[in-house]
Structures are given as structure tokens and as C-alpha cells.
Amino acid sequence: MTLSSEAALPAKFSGESRLLLDHDSRAALWARVTEIVEAHIRGVAGLRVAPELDPAALRDLLEPLDFAQPLEPVQALEMVAAALAEHQVHTAHPRYFGLFNPAPTTMGIAADALVAAFNPQLAAWSHSPFAAEAERHLIRAFGERFGYEPGSIDGTFATGGAEANQTAVLAALVQLFPAFSAGGLRALNAQPTLYVSAESHHSFLKAARLCGLGTAAVREVPVDKQLRMRPAKLAVQIVRDRTMGFAPFLVVATAGTTSAGAVDPIRALALVAARNGCWFHVDAAWGGAAVLVPELSSVLAGIASADSITFDAHKWLSVPMGAGLFITRHRDILGETFRTDAGYMPRDAAGLEIRDPFAHSMQWSRRFIGLKLLLSLMVAGWEGYAATIRHQTAMGDRLRQRLAEENWRLVNATPLPVVCFVDASRKDGASAEFLDGVARRIVRSGRAWLSTVRLHAGVHALRACITSYRTDADDVDALVVLLAEARVAAAN
Ligand SMILES: *Cc1c(COP(=O)(O)O)cnc(C)c1O
């Protein structure tokens, strides 16, 4: 027996043969995985964008799996890959005009595979020094792009925008209320309140609940016709709350709302926040990518004055889910918010100038979220991303123009590629029922995906976002044709 061939090694115990698999099985498995991934990338445009929704069929598919009879690895893989291909919305499809779920970057897919294989643990710095420093490097790179002073930048990777936003709420509580960390909200004299626009992401309601503030502590400030928070209304609301004994502590501007891509007036809101001694957070989960394109970056003017920023790399930077960044210009706030002293955590890095991620973020054991961004950016470069964002923005402009030609009426105004519109050719063309009918027909056809939104003003609209970087002019034109068919069908 030769030790140089792993295939010849007998399995030490049956668990190893079933969990690790032998060399030949692994080789066959990897070959098939890469074939499946490549076939999906090449063929996704030929699939239905959205599946037929059939819970019974899925239960029938899964029912026979009782895990009593082990399957061959490739057989198990084939079953799951076929199910994924058939039973999901393909956000990577160039005719997915959906929420902010893009086609994943190829380097991001490779990164996630590497992360699974090396399985770096990002709780303690000393367990995964490269991963920890790579994430720190990225946080600083993006902090600088947003205009922060290099020496002041800190932050952490998170599962997504919701976790980053909750981090902001916690950090603001810790910063503004010294008694909060140990004593909780009960140690405070007044109920803290936070301020978001009526169009903000609902993760702030969850964050308020999770932090013990309760959702009533979230003040939804009215928006103007372009769905942007009104600074004067914010100022009035803060004064009113203060008079009534509340303790305003956090103002959140949204840069790129989920419904309509609206960008709050960041500079004006920053001023109101500063005058009232509030933490100022900018939720730029999707829209923050505009900072990478000089001709778009002015929509984010003033973002450098934010105390903290949420940015999601799994939105407009197209890395696989989920990859949120919380970035702040307060070097010590994350430590103050999350530090705990755990006797069992490794001390190998004592004396080095490092920060342990577990003492610096919400998660404890954590995967290497940043690698998919690192590898994507290493290969695309800032320029590659800027070109992509420009292309998507141009496709958004094309869609607006084509819709206007076809007598659809645009109801949002943003330079970002989210287009909200109603049918100007008929009396009930803005009714929820009619618009839902149009969207439903298109989604059920499997040929494209878009949705309807209720904008806060009570206005209903169809919503199409250029989400996939693979969406091209013929995809936009195809959507316009589908809309023309659906508006006729929905009228009958
Ligand atoms: C997507 C989004 C969120 C939530 O982020 P997740 O990554 O889904 O957790 C928050 N705010 C805005 C503006 C978003 O677009």
C-alpha cells in the first residue's frame, strides 16, 4: 500500500468515508459541481424566471428522503441541482427586474466555495488572521470611498443590511446613553426615539424591537413628492418629542429606498441630527454603490458626515448573499458596543495591535463574508464595477424612455435604475387591482419578473429595477413588449 495516494487509504471509520468521501468520489463530485455551475451561468436566461408555485410537488419530492438509505454523492447533487433550477426565482436571469437581488459574480461564487472548504473562523483574530485583515482592508477601502478620514474608519461585515442597521441602532444607544450598556433601557430616564423616513427599510422596525425599544419608538417622518424625507418635518418632530419627554437619539437617512430608489437629502438631515445631538446613520444598502461612479456619486453628497453607514455588497456589487458592511468613523464604538470578556476565547494575539471580531460585532462564530467581495473587486477593479453600474443606470434610462413612449406614466424620480410606473392609457391604470393583474400575468408567464409597490403616498405602481448586470437592451425591450400584452390581458 502506498501512502502517496489518498485514494488507497482505507477509511479510518465509516463517518469519514461518508463525510469526507474518498478521493475518487470527491473528484467526480467537484467535476459535476463545476459543470452544473457553469451550465447554470450559461443557461439561466433559458429558464423560467419565476417557478410555478406548487408546494405539493415539492413535498412529494422531499417525502421519500428519510435519510435511512445513503445516496451516492453525485446522485444527491443532481437531485438538488435540478430542484434548484426548477423551483426558485432566478435572480441571475437577465429578465429579473426585481428587488435588489443581482446575478452573483463568478469570483464571488468561487470565493464562497473556498470559504466553505477552508472554513476560517472569524470570531478570534488569531484563528484567521488573513481573513480578519482582509475584511479590515475592505472596510477601510469602502470607508475611504464614502469620504471618511482613513485614520478614523472602523466597521464590520454582517449578514446583510438588516444586521448592519441593527448594529447602527445599538451603537447609537451605547454612544448616547452611557447607562444603556449595563442597565439597559430601564436605566434611562426617558424613552429613546429614532427617526427614519416613511419610505425607509422595515429592518429598523425589527431593530427597534430587537433592541427592546419597541416599534413605537420609530418615528416615520413624512416624505416629499419625490419620496425623500422632509428635513423640516424631522426637526419639528424631534422638538415635539423632546417637549413630550422622549429622548431622540438617532436619525437615519436612506440613500436609495427599496420601493423607489429615493435618496433622502443627506446634508440637510445631517444638520438636523447634529443640532439635536443625534447619531446620524445613512442606510445606503443598495444605493451606496453610486459612490463608485463619479457622475452618480453626487446623489450621496454629504454621506461622509454620517456617523455610520450601511452598505450591502450583495446588492449592487452583485456578490452572492449575504454581505453587509457596517462602516463608522468612530474607531471605538463597536468595541464599546460589543466587547465582552470570555475566558475561553483564544489569547494567541495578545500584545499584537488587532481587534478580535467577536468583541467587535453582533455575530460570534462567523464565516469569512468579505472574501466574495475581495475576490470580486480584485478581478473587476473599481473600474469594472463603475462600468457595470453605468450600464445598469443606462438600462434604467432606456426603460423609462421606452415606457413613456408606450403611454406608461413614471411616478418616481431618481437617477438610479428603479422605475415605478402606472398605465396612463386607462382610467383605472393606477389602481392596485389592475397593476397587480399586470405583474401577475408577467410573473406567471415565466418570461420576466417584476413587482408592484405601494408607495407611502398611497400610490400604487409597477416596479422594475435593473438588478442583473447581465440585463441588456433587448431584455428591457422584451419587458416593454410583455407589459403591452399584459395591460391588454389585465383589462379583460
Ligand atoms: C436590502 C435593504 C436592507 C436590508 O438588507 P438585507 O441585506 O436584506 O438584510 C436595508 N435597507 C435597504 C435600503 C435595503 O435596500
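Okay, so let's go over this structure. Model, not experiment: these values are computed from the prediction. (Residues numbered from 1 in each chain as written. Predicted model: local features only at pLDDT ≥ 70, side-chain atom pairs only at ≥ 80, totals over all residues. Heavy atoms only, no water.)

## Here we look at the overall build of the protein
The helix and strand tally for the protein stands at 15 helices and eleven strands. Against the 2.2 N^0.38 benchmark of 23 Å for 492 residues, the protein shows a C-alpha radius of gyration of 25 Å, consistent with a compact globule. Across the 492 residues that make up the protein, the buried fraction comes to 48%. Taking the intrachain contacts of the protein between residues at least 6 apart in sequence as the baseline, contacts between residues at least 24 apart amount to 72%. Summed over all atoms, the accessible surface of the protein reaches about 23,100 Å², with 56% contributed by carbon and sulfur. With 47 positive and 49 negative side-chain charges, the protein shows a separation of 8 Å between the mean positions of the two kinds. (Helix = DSSP H or I, 4+ residues; strand = E, 2+ residues; numbered from the N terminus. Rg over C-alpha atoms; globule rule 2.2 N^0.38 Å. Buried < 20%, exposed > 50% of the residue type's maximum accessible area, 1.4 Å probe, protein only. Contact = heavy atoms within 4.5 Å. Areas by Shrake-Rupley, 256 points an atom, 1.4 Å probe, with all protein chains shown as cover. Lys, Arg positive; Asp, Glu negative; His and termini not counted. Charge placed at Lys NZ, Arg CZ, Asp CG, Glu CD.)

## Structural notes on the site of the ligand
Taken together, 14 residues lie near the ligand, and G161, A162, D283, D312 and K315 sit nearest. A distance of 2.8 Å separates an oxygen atom of the ligand from a polar backbone atom of G161. Between the ligand and D312 there is a distance of 2.7 Å, counted from an oxygen atom to a side-chain nitrogen or oxygen. Calculation on the ligand without its partners gives an accessible area of 380 Å², and the protein chains cover 84% of this total. The element best represented in the shell around the ligand is helix α7 (residues 161-176), accounting for three residues. In the shell around the ligand, the residues fall into three nonpolar, eight polar and three charged. (Near = heavy atom within 4 Å. Polar contact = N/O pair within 3.5 Å; in protein donor to acceptor, adjacent residues only side chain to side chain. Nonpolar A, V, L, I, M, F, W, Y, C, P; charged D, E, K, R; others polar.)

## Concerning α7
Its 16 residues place the ends of α7 22 Å apart at the C-alpha level, agreeing with the 22 Å of an ideal helix rising 1.5 Å per residue. When you tally the buried positions in α7, you get 13 out of 16 residues, the bulk of the element. (Expected span 1.5 Å × (residues − 1).)

## Comments concerning a nonpolar patch on the surface
Residues L61, L62, L65, F67 and L71 make up a contiguous nonpolar surface patch of roughly 470 Å² in combined accessible area. Relative to the elements of secondary structure, F67 occurs in the loop between α3 (55-62) and α4 (73-86). On the accessibility criterion, F67 (72% relative accessible area) is exposed. (Patch = residues over 30% accessible without salt bridge, like charges linked within 9 Å, V, L, I, M, F, W, Y side chains within 5 Å. Salt bridge = Lys/Arg side-chain N within 4 Å of Asp/Glu carboxyl O.)

## Considering the environment of H201
Along the chain, the position of H201 falls in the loop between β2 (192-197) and α9 (203-210). Classification of H201 by relative accessible area gives partly exposed; the value is 34%. For H201, the residues in contact, after removing those within four places along its chain, are T258 and D283.

## Here we look at the packing of helix α14 (residues 432-445) against helix α15 (residues 473-491)
Relative to each other, α14 and α15 sit at 125 degrees, their axes nearing to 8 Å. In terms of axis orientation, α14 runs oblique to α15. The crossing of α14 and α15 is right-handed. Judged by residue contacts, F434, G437, V438, R441 and I442 of α14 engage L482, L483, A486, R487, A489, A490 and A491 from α15. Here the residues of the contact of α14 with α15 are counted per class, giving nine nonpolar, one polar and two charged. (Axes fitted to C-alpha atoms, helices over the stretch in contact; angles between N-to-C directions. Parallel < 35°, antiparallel > 145°, perpendicular 65-115°, else oblique. Left-handed = near helix turned anticlockwise from the far one by under 90°.)

## A closer look at the nonpolar core
General note: in soluble globular proteins, nonpolar side chains tend to be found buried as a group. Ranked by size, the top nonpolar core spans 98 residues in total, and within it F280, L317, L450 and L483 carry the most contacts. Those residues in contact with L483, other than ones at most four positions away along the chain, are L403, W408, F421, V438, I442, L450 and L462. Formed by 29 residues, the second largest nonpolar core is a distinct cluster that contains A168, L173, F204 and V218. (Core = buried A, V, L, I, M, F, W, Y, C linked by side-chain atoms within 4.5 Å.)

## A look at the packing of α7 against α9
Helix packing geometry: the angle between the two helix axes and the distance between the axes. Running from N to C, α7 and α9 cross one another at 50 degrees; their axes reach a closest spacing of 9 Å. Comparing their axes, α9 and α7 come out oblique. Crossing geometry of α7 relative to α9 is assigned as right-handed. Here α7 contributes A162, N165, Q166 and V169 to the contact with α9, which in turn contributes S203, F204, A207 and L210. Classifying every residue of the contact of α7 with α9 by side-chain character gives five nonpolar, three polar and no charged.

## Considering the sheet that holds strand β9 (residues 418-423)
What the four strands build is an open sheet, ordered β8-β9-β11-β10; its pairing is antiparallel. Every other strand in the sheet has two partners, leaving β8 (408-410) and β10 (451-454) as the edge strands with one partner each. Taking each pair of neighbouring strands and ignoring which way they run, the sheet shows an average axis angle of 45 degrees. Of the strand pairs in this sheet, β8 and β9 are connected by three bridges, and their pairing is antiparallel. From the neighbouring strand, W408 faces β9, where its bridge partner is D423. (Pairing = 2+ DSSP bridges.)

## Points about α9
Among all positions in α9, only S203, F204, A207 and A208 are buried. Each buried residue of α9 lies within a common arc of 140 degrees when the element is viewed along its axis, so the set occupies one face. Residues of α9 that are exposed and point more than 90 degrees away from the buried face comprise K206, R209 and L210. Where α9 is buried, its residues meet α7, β2, β3 (218-221), β4 (247-254) and β5 (279-283). (Arc of directions from axis to C-beta.)

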